[in-house]
Amino acid sequence: VTVTAASSHTDWFNETYERENQSSGLLVGNNGVELLALTTYSEVEAADRLQVTFAENTTREATLKKYDRVTDLAVISVNLADIPENTLEYIRMADLGSSRALYAGEPVIAVGSPVGVTDSVLYGNLAAVGYKTSVVDGEYTLLITDMAKASKSSGVLLNLDGQVVGLIENKYLSSGNKEALTAYGISDMKSVIEHLSNNKDLVYLGITGADVTAEITDTQGIPDGVYVAGVEMNSPAMSAGIQAGDVITQISGQAVTSLAGIQEILLKFSRQQVIQVTVMRQGKGGYQEISCSVTLEQME
């Protein structure tokens, strides 16, 4: 679907005008009351009015539901009662495939707004499938294609069976692939999509880090867990006293061995919940265990 975000502005002459921008949306759910579409949060966050245009050009008002600033994803909804019967016949939910078995060279189709224009299509191949990018409280797999990106690319990557295998993104491009169309691997995103579709907030801790492997433990003596490389300003982690250089070993009694594990654990909690984060902190006498009480919040 096409998502139109309209916002009102005032010019130098105190005249009010409306600005519109369009991006792609992906139908991901029907809860019996609303149709749910996944779209780019940065394109809709400041909108005064949202509209969704379906395949046969019917347009209906939409409402922003939940969002995630880390992945720049949002779920918006359209009331089923507002959608004509003939439009419902055209509607199909997205078929979310798997990105874990993809290989370099595999053909993919980019649909939505891959060239920055709605209803555009690109065809190409995957150039790399194992690239990992570190994000706040986790990491995601990026699919790098041989297609050129636009300044505001959005939409999805499909395999030749029509399954969604990637969500086009624009945030986490390294200098080596900044001109390439890049997407999140869909397998890493399914839990986020499910959480947002169920109208739940995504809370954050506020750390960036790296997994401490068995080899690192053996050679450098760093405890098993997740090494904290950085702490976000004004984040729950910073407020609780977690520092760069700490190693997170447990969250509320659950062992932490990877960034992916932290992502999974945080999905179980909601805003204002207090969790106990156990860290190992290096001092003069070696690593000491410290317990930090963290009040979780949504990233604003």
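Predicted, not measured: the structure shown is a model, and the values here were computed from it.

Some thoughts on helix α6 (residues 259-266)
- Burial runs high along α6: 6 of the 8 residues are buried.
- Of all the residues in α6, the buried ones are Leu259, Gly261, Ile262, Gln263, Ile265 and Leu266.

Observations concerning the pattern of salt bridges
- This model, assessed by the stated rule, comprises 7 salt bridges.
- Across the salt bridge formed by glutamate 20 and arginine 49, the nearest N and O atoms sit 3.9 Å from each other. Note that glutamate 20 is positioned in strand β2 (residues 16-24) and arginine 49 in strand β5 (residues 49-53), a separation of 29 residues in sequence.
- With a shortest N-O distance of 2.8 Å, aspartate 246 and arginine 281 are connected by a salt bridge. Highlighted residues: aspartate 246 in the loop between α5 (236-240) and β17 (247-251) and arginine 281 in strand β19 (residues 274-283), separated in sequence by 35 residues. The pair aspartate 246 / arginine 281 is uniform in exposure class, with both members buried.

Re the pairing of strand β10 (residues 138-148)
- With 8 of 11 residues buried, β10 is to be regarded as a mostly interior element.
- Bridge count for strand β9 (residues 120-135) against β10 is 7 bridges, and the pairing is antiparallel. Each residue of the ladder has a partner; that of serine 134, found in β10, is glutamate 139.
- If you look at the hairpin formed by β9 and β10, you'll find 2 residues sitting between the two strands, and aspartate 137 has a positive phi there, around 65°.
- By the bridge criterion, 4 bridges tie β10 to strand β13 (residues 180-185) in an arrangement that is antiparallel. Paired with isoleucine 144 across the two strands is threonine 182, which belongs to β13.

Looking at the sheet that holds strand β12 (residues 164-169)
- In spatial order, the strands read β8-β9-β10-β13-β12-β11; together these 6 strands close into a barrel with antiparallel pairing. Direction aside, the axes of adjacent strands within the sheet are offset by 45° on average.
- Where strand β8 (residues 107-113) and strand β11 (residues 154-158) come together, 5 bridges link them in antiparallel fashion. Its bridge partner lying in β11, serine 113 is registered against serine 154.

Cut-offs applied
- Numbers given for residues are sequential positions, taken from 1 along each chain in its written order.
- Only residues with pLDDT of 70 or above have their local features reported here, since the model is predicted, and side-chain atom pairs are shown and tallied only from 80 upward, although totals for entire chains, interfaces and linings are computed over all residues.
- Excluding hydrogens and water, the side-chain values take into account all heavy atoms of the structure.
- Here's how the labels work: a residue is buried when its accessible area is under 20% of the maximum for its type, exposed when over 50%, partly exposed in between, all with a 1.4 Å probe on protein chains only.
- Secondary structure elements follow DSSP: runs of H or I of four or more residues count as helices, runs of E of two or more count as strands, with numbering from the N terminus.
- Should a side-chain nitrogen of Lys or Arg be within 4 Å of a carboxyl oxygen of Asp or Glu, the pair is scored as a salt bridge.
- Pairing between strands requires that DSSP locate at least two bridges from one strand to the other.
- Between N-to-C directions, angles cover 0 to 180 degrees, with each direction set by a line fitted to C-alpha atoms, over the stretch in contact for helices.

Keep in mind that these numbers describe shape and distance, not what the molecule does.
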